[in-house]
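# A closer look at the structure
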Amino acid sequence: MAELKDRLRADLTTAMKGRDELRTATLRMVLAAVSAEEVSGKEARQLSDDEVQAVLRREAKKRREAAEAYAGAGRAEQADRERAEEGVVAGYLPAQLEDADLTALVADVITRTGAAGMKDMGKVMGAVQGQVAGRAEGGRVAAEVRRQLG
């Protein structure tokens, strides 16, 4: 069984005992998403830590997008709640790359691959995504690749 999933369950128990409503609700939601992922497909299976992290990244992205939608609709209270939930989920993900680190990584890949324009964006994106491995959102990576190739 995935260590990350065990940690999520243990933290849920701690949050319930501490009556931390936000953390309890968020961890329940995340564990429900993990369980749903485990039973999707042709047969049930246990997720690895990497697969659990992928679910966590997806859930964090959902919270971020919902917060933006609520803020755009003038619903600040709900937007704050979504941001707080994203913060809880982000605590279980690897640290995100700083902008300077991402810029250097993309520049290095462009040099190594010999990319010479937007036609090579796919080649660069593939190589960068392999090195980034969940430490930067795809949109951020794509924007930086576009900026450097453009």
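Residues numbered from 1 in each chain as written. Predicted model: local features only at pLDDT ≥ 70, side-chain atom pairs only at ≥ 80, totals over all residues. Heavy atoms only, no water.

A few words on the side chain of Glu-59. You can see Glu-59 is positioned in helix H3 (residues 49-72). Exposure remark for Glu-59: the relative accessible area of 5% places this residue in the buried category. A distance of 3.2 Å separates polar atoms of two side chains, one belonging to Glu-59 and the other to Lys-62. (Helix = DSSP H or I, 4+ residues; strand = E, 2+ residues; numbered from the N terminus. Buried < 20%, exposed > 50% of the residue type's maximum accessible area, 1.4 Å probe, protein only. Polar contact = N/O pair within 3.5 Å; in protein donor to acceptor, adjacent residues only side chain to side chain.)

So, on to the pattern of salt bridges. It is possible for side chains of opposite charge to pair when their charged atoms get near one another. Using the criterion set out here, one finds 17 salt bridges in the structure. Taking the shortest distance from any N to any O, the salt bridge between Arg-64 and Glu-137 comes out at 2.4 Å. Taken together, the residues Arg-64 in helix H3 and Glu-137 in the loop between helix H6 (121-132) and helix H7 (138-149) connect sequence positions 73 residues apart. Classification of Arg-64 as partly exposed rests on a relative accessible area of 25%. Judged by its relative accessible area of 33%, Glu-137 is partly exposed. Among the charged side chains, a network of salt bridges with common partners joins Glu-21, Glu-59, Lys-62, Arg-63, Arg-81, Glu-82 and Glu-85. (Salt bridge = Lys/Arg side-chain N within 4 Å of Asp/Glu carboxyl O.)

The next thing to look at is a negative patch on the surface. Together, Glu-3, Asp-6, Asp-49 and Asp-50 make up a region of like negative charge exposed at the surface. Looking at the negative patch, the elements with two or more residues in it are helix H1 (3-17) and H3. (Patch = residues over 30% accessible without salt bridge, like charges linked within 9 Å, V, L, I, M, F, W, Y side chains within 5 Å. Areas by Shrake-Rupley, 256 points an atom, 1.4 Å probe, with all protein chains shown as cover. Lys, Arg positive; Asp, Glu negative; His and termini not counted. Charge placed at Lys NZ, Arg CZ, Asp CG, Glu CD.)

Attention shifts here to helix H5 (residues 99-113). Taking 1.5 Å of rise per residue, the 15 residues of H5 would be expected to cover 21 Å, and the 21 Å separating its terminal C-alpha atoms lies within 8% of that figure. Taken together, the buried positions of H5 are occupied by Leu-102, Leu-105, Val-106, Val-109 and Ile-110. Down the axis, H5 shows its buried residues gathered within 135° of arc, on one side only. Of the exposed residues in H5, the ones pointing more than 90 degrees away from its buried face are Ala-100, Thr-111 and Arg-112. (Expected span 1.5 Å × (residues − 1). Arc of directions from axis to C-beta.)

A residue-level look at the protein chain finds 99% of positions with pLDDT of 70 or above and a mean pLDDT of 90. Confidence scores differ between elements of the protein chain, with H6 showing the lowest mean pLDDT of 85 and helix H2 (residues 21-39) the highest of 95. (pLDDT = per-residue confidence, 0-100.)

Taken as a whole, the largest pocket encloses approximately 310 Å³ of empty space. Around the largest pocket sit 16 residues that line it, and Arg-57, Arg-64, Leu-93, Gln-96 and Glu-137 are the ones nearest its centre. Grouping the constituent residues of the lining of the largest pocket by class yields six nonpolar, four polar and six charged. (1 Å grid on protein atoms, 1.4 Å probe; cavity = no way out; pocket = protein on both sides within 12 Å on 5 of 7 lines; lining within 4 Å. Points joined across faces, edges and corners; volume = space filled by probe spheres on them. Nonpolar A, V, L, I, M, F, W, Y, C, P; charged D, E, K, R; others polar.)

Once that is clear, we can look at unusual backbone geometry. Residues other than glycine predominantly adopt negative phi, and peptide bonds predominantly adopt the trans conformation. Even without being glycine, Arg-19 reaches a positive phi, approximately 55°. In this fold, Arg-19 is placed in the loop between H1 and H2.

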